[in-house]
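Listed here are the chains, written in short residue letters.
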Amino acid sequence: NVRTEYPDKKVDSVCPYCGVGCQLTYNIKDDKLLYVDGKNGPANENRLCVKGRFGFDYVHNPQRITKPMIRKEGVPKIPHEFIDPMNPWTHFREATWDEALDKAAQGFLKIREQNGPKGLAGFGSAKCSNEEAYLFQKLVRTGFGTNNVDHCTRLCHASSVAALLEGVGSAAVSATFNEVKNSDVIIVIGSNPTENHPVAATFFKQAAKRGAKLIIMDPRGTAMKRHAWKLMQFKNGTDVAMLNAMLNVIVEENLYDKQYVQTYTEGFPAFAEHVKQFTPEEMEPICGIDADTLREVARTFARAENAIIFWGMGVSQHTHGTDNARCLIALSLITGQIGRPGTGLHPLRGQNNVQGASDAGLIPMFFPDYKSVEDPATRGAYEAKWGIQLDPKRGLTVVEIMDAIHADTIKGMYIMGENPAMSDPDLNHAREALAHLEHLVVQDIFLTETAVYADVVLPSSAWPEKDGTVTNTNRQVQMGRKALPLPGDAKEDWWITIELAKRMGLNWTYAHPRDVYPEMASMMPALDNISWERVERENAVTYPSDAPDKPGRDVVFDKGFPRPGGFGKLVAAKLTPPDETPDHDFPFILTTGRQLEHWHTGSMTRRATVLDAIEPTAIAAVSRGTIAKLGIRPGDMIRVSTRRGTVDLQSRQDDAVPDGVVFIPFAYVEAAANLLTNPALDPFGKIPEFKYCAAKVEAIPMR
Ligand code: SF4
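Note that this is a predicted model, so its numbers are computed, not measured. (Residues numbered from 1 in each chain as written. Predicted model: local features only at pLDDT ≥ 70, side-chain atom pairs only at ≥ 80, totals over all residues. Heavy atoms only, no water.)

### Regarding the overall build of the protein
Of regular secondary structure, the protein possesses 23 helices and 30 strands. For 703 residues, the compact-globule formula gives about 27 Å, and the C-alpha radius of gyration of the protein, at 24 Å, lands near that figure. By its C-alpha atoms, the protein is 70 × 70 × 60 Å across when sized along the principal axes. Counting the 703 residues in the protein, one finds 65% classified as buried. In the protein, 74% of the contacts between residues at least 6 apart in sequence involve partners at least 24 apart. (Helix = DSSP H or I, 4+ residues; strand = E, 2+ residues; numbered from the N terminus. Rg over C-alpha atoms; globule rule 2.2 N^0.38 Å. Buried < 20%, exposed > 50% of the residue type's maximum accessible area, 1.4 Å probe, protein only. Contact = heavy atoms within 4.5 Å.)

### What about helix 6 (residues 198-210)?
In this model helix 6 runs 19 Å from its N-terminal to its C-terminal C-alpha over 13 residues, within 8% of the 18 Å that 1.5 Å per residue would give. The complete set of buried residues in helix 6 reads Pro198, Val199, Ala200, Ala201, Phe203, Phe204, Ala207 and Ala208. If you follow the buried residues of helix 6, they end up packed against helix 1 (50-54), strand 8 (185-189), helix 5 (193-196), strand 9 (213-217) and strand 12 (307-311). Looking one or two places after helix 6, you find Gly211, whose phi comes out positive at around 120°. (Expected span 1.5 Å × (residues − 1).)

### Considerations on the site of the ligand
Surrounding the ligand, one finds Cys15, Tyr17, Cys18, Val20, Gly21, Cys22, Leu48, Cys49, Lys51, Gly52, Pro198 and Val199. Counting residues per element, the ones that place at least two in the shell around the ligand are helix 1 and helix 6. (Near = heavy atom within 4 Å.)

### Observations regarding the packing of helix 16 (residues 398-406) against helix 18 (residues 427-436)
Between helix 16 and helix 18, the least distance of the axes is 9 Å, while the angle of their chain directions is 55°. When the axis of helix 16 is compared with that of helix 18, the two are oblique. Helix 18 is crossed by helix 16, and the crossing has left-handed handedness. Here Met402, Asp403, Ile405 and His406 of helix 16 come into contact with helix 18, specifically with His429, Ala430, Glu432, Ala433, Leu434 and His436. Looking at the contact of helix 16 with helix 18 residue by residue, the classes come out as 5 nonpolar, 3 polar and 2 charged. (Axes fitted to C-alpha atoms, helices over the stretch in contact; angles between N-to-C directions. Parallel < 35°, antiparallel > 145°, perpendicular 65-115°, else oblique. Left-handed = near helix turned anticlockwise from the far one by under 90°. Nonpolar A, V, L, I, M, F, W, Y, C, P; charged D, E, K, R; others polar.)

### Concerning the confidence of the model for the protein
Per-residue confidence for the protein averages 97 on the pLDDT scale, and 100% of its residues sit at or above 70. Interface predicted TM-score (ipTM) for the complex: 1.00; the corresponding pTM is 0.97. (pLDDT = per-residue confidence, 0-100.)

### What to know about the packing of helix 3 (residues 130-144) against helix 19 (residues 493-503)
Where helix 3 contacts helix 19, the two axes come as close as 9 Å, and the packing angle between them is 20°. Relative to helix 19, the element helix 3 lies roughly parallel. Read as a crossing pair, helix 3 and helix 19 show a hand that is left-handed. Contacts from Glu132, Leu135, Phe136 and Leu139 of helix 3 reach helix 19 at Asp493, Trp494, Thr497, Ile498, Leu500 and Ala501. A breakdown of the residues in the contact of helix 3 with helix 19 according to their chemical character gives 7 nonpolar, 1 polar and 2 charged.

### Concerning a nonpolar patch on the surface
Together, Phe54, Val610 and Ile614 line one region of the surface with nonpolar side chains, adding up to about 250 Å² of accessible area. With respect to the element layout, Val610 can be found in helix 22 (residues 609-614). Using a relative accessible area of 35% as the deciding quantity, one classes Val610 as partly exposed. (Patch = residues over 30% accessible without salt bridge, like charges linked within 9 Å, V, L, I, M, F, W, Y side chains within 5 Å. Areas by Shrake-Rupley, 256 points an atom, 1.4 Å probe, with all protein chains shown as cover. Salt bridge = Lys/Arg side-chain N within 4 Å of Asp/Glu carboxyl O.)

### Here we look at the sheet that holds strand 17 (residues 439-444)
One open sheet holds the 7 strands; their spatial order is 5-4-18-17-16-6-7, and the pairing between them is mixed. Only two strands of the sheet have a single partner each, and these edge strands are strand 5 (92-94) and strand 7 (149-150). (Pairing = 2+ DSSP bridges.)

### As for the state of the cysteines
Within the structure shown, the criterion is met by 0 disulfides. A disulfide-free cysteine, Cys287 has its sulfur positioned 12 Å from the sulfur of Cys327, the nearest such atom. A relative accessible area of 0% places Cys287 in the buried class. (Disulfide = S-S within 2.5 Å.)

### Describing the sheet that holds strand 12
The strand order across the open sheet built from 5 strands is 10-9-8-12-13, with neighbouring strands paired in parallel fashion. Of all strands in the sheet, those bounded by a partner on one side alone are strand 10 (230-232) and strand 13 (344-347). Along the sheet, successive strands turn relative to each other by an average axial angle of 15°, direction set aside. Bridge analysis of strand 9 against strand 10 gives 3 bridges, and the strand direction is parallel. Bridging from a neighbouring strand, Ile215 pairs with Lys230 of strand 10.

### A word on unusual backbone geometry
Working note: non-glycine residues mostly have negative phi, and peptide bonds are mostly trans. A cis amide bond, omega -5°, links Tyr543 with the succeeding residue Pro544. Relative to the helices and strands, Pro544 is located in the loop between strand 21 (540-542) and strand 22 (568-569). In this structure, Asp30 takes a positive phi of about 50° despite not being glycine. Within the secondary structure, Asp30 is located in the loop between strand 2 (23-29) and strand 3 (32-38). The phi dihedral of His80 falls on the positive side, at around 70°, and the residue is not glycine. By the element assignment, His80 lies in the loop between strand 4 (69-71) and strand 5.

### Some thoughts on the side chain of Thr319
Locating Thr319 in the fold gives a position in the loop between helix 12 (313-316) and helix 13 (321-335). For Thr319, the contacting residues outside a window of four places in its chain are Pro577, Pro578, Asp579, Ala680, Leu681, Asp682, Pro683 and Glu689.

### What about the packing of aromatic side chains?
Here the structure, examined in full by the defined rule, presents 20 aromatic pairs. With a centroid separation of 4.3 Å and an interplanar angle of 20°, the aromatic rings of Phe367 and Tyr382 are classed as stacked. A residue pair is termed long-range when its members are at least 10 positions apart, and Phe367 in strand 14 (residues 366-367) and Tyr382 in helix 15 (residues 376-386) qualify at 15 residues. According to the relative accessible area criterion, Tyr382 is buried, its value standing at 5%. With 5.6 Å between their ring centres and 75° between their planes, Trp508 and Tyr510 make a pair best called edge-to-face. When sorted by exposure, Trp508 lands in the same class as Tyr510, which is buried. Counting every residue linked through ring pairs, the aromatic cluster contains Tyr17, Tyr26, Phe56, Tyr58 and Trp599. (Phe/Tyr/Trp six-rings, centres within 6.5 Å; stacked < 30°, edge-to-face > 60°.)

### Considerations on helix 7 (residues 239-252)
Taking 1.5 Å of rise per residue, the 14 residues of helix 7 would be expected to cover 20 Å, and the 20 Å separating its terminal C-alpha atoms lies within 8% of that figure. Just downstream of helix 7, Asn254 is the residue with a positive phi angle, here 55°.

### Looking at the pattern of salt bridges
Enumeration according to the criterion identifies 42 salt bridges in this entry. A salt bridge links Asp150 to Arg154, with the nearest nitrogen and oxygen atoms 2.7 Å apart. Both residues of the pair, Asp150 and Arg154, belong to the buried class. Each of Asp98, Asp102, Glu499, Lys502 and Arg503 takes part in a single network of salt bridges with overlapping partners.

### With respect to the pairing of strand 16 (residues 412-416)
Taken across its 5 residues, strand 16 has 5 buried, putting it largely inside the fold. Of the two faces of strand 16, the one carrying Gly412, Tyr414 and Met416 and the one carrying Met413 and Ile415 are both buried. Bridging between strand 6 (residues 120-123) and strand 16 involves 4 bridges; their strand directions are parallel. Bridged to Ala121 within strand 16 is Met413.

What follows is the structure, given as structure tokens:
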């Protein structure tokens, strides 16, 4: 462990992985990243997790795409095909940038001509910068002529966003996670922050150590339970039953904050009437939490000085994800636990820039700043700004786009940095759709499982190879700085999108992200008083900020909500079962998610030496009881099947997993969890039910 090489350059930036947004310093020698140090950013205070510290050598991986590539004439697109990333020349030929960009743009123009704008769609990426997200959605809206633009937010917090916009008029968090320092009660529900937001988890643990009551609500007993005052291991998919029972107690026992409810909310009488039916005794057999605990936790939350709620995909990735989030919003609103230090609502955002990409309009129903594309006045303002007539109808979402390809409605796609051939539910369906496209342009750093279906592959930039801003889960806009040269002929993502736009007839003259930022910020009041130069100078600025020389606000909604009348809206949630429940043939519940060491579809972390060495193998986590029932030993291979597919992987005994449940991380192409998942959607957020479907688990006999 003795360091033999020393850096000749240090560059400050932001971690490219999760939404915590840790600031860091790259230490570089001869244009190679040697190591990374944590920096004193507002979200991390010098801390980094294993991904932020050891997850960077993917940038130097020999599998990086370094030349534009065009699919060879006559080579068919076959679903589930594997291409050796070191030898893509069986399927592709090398091209110049001019040839590849011309071919990409001409393919889009031809489809627009023959099928109209609705024949095209685009997936941008929450791993790119705010400026790149802004440019991408602008290209799809003004160049393609459609609102068919989306990104991975559809697969993570779309239902939370739907509920938050409806309930409190804003999709962002009401308080930074660092506010736990002022909380005496902390709920963490449907989230495993130790693995998914590790640095945020350290703040939660410190708060618990200081004496705050940490309440963990999760069907899997996560690692945070060691620090918890209460662990509520409720039955999978019964969030609404458990939360409505708590709301029932707060209303029936008059524990709600009458003055707050009267001043800052609407809909209370109907809401109170609705929750009457959900008594703790009636909900106990449904959610599996005893009535006394439901009462005790409800009382503790309502009586707290300052209580805050954090949630993750366990809440959002359900067909009733929006209802789950509505209950959490109601819990905060009726108790007045919002708008003060140490209180509030915080959906822990997944990707490093999923907040910023959504803010910048990379979603099919909203222009930047969540302005509806269907509102004529808003659309008129954007038409005036962009100088072009815009599509008056909301576009299709991620899963709907795959269905539209199968229906031959969508013929061409531009995908920047997303990997739907691994991240979408029901991968057989998604991969068949991608293979069916007439024209697919993929812009990425590796030949991903999606790029193998491309007609044109455009080699792009890893995060340390470009400048740009990103916005973390805390609403902190931070500066990412170029630290490394691009490999071979690869280009920055923003440059590629601009060149495509020019070839589609758009008169774009931006020469750097700093030219894009002012235009984007001019359409986003959230960025008032936050200039590019200020972010560059201060490294991080929280929005909203009241003046160029004043820090941004960590806590918002101190005087009501950005909704009509300033009222938060109470919305009743019904009990809705998951779309597919266990039965005789498929008696288990499958739930999916991430691991500490691997990021999403694994395209970066499985090419990071240390991370891949720690977790090299596809696993399925099952309970001790399941291991015994299957008659196997931990580590033996098992087969997990659903109505959509089958994967073989190594069993891992995990005492956090209840009997009858199997958990599979979705990073492993050799046993892709999403071959199994259910594409059924939440009707409001259009998010698939990744957290619940019926499955079969079998031992694989030893040969
Ligand atoms: Fe990166 Fe998230 Fe880890 Fe921080 S907590 S180092 S942002 S992965």
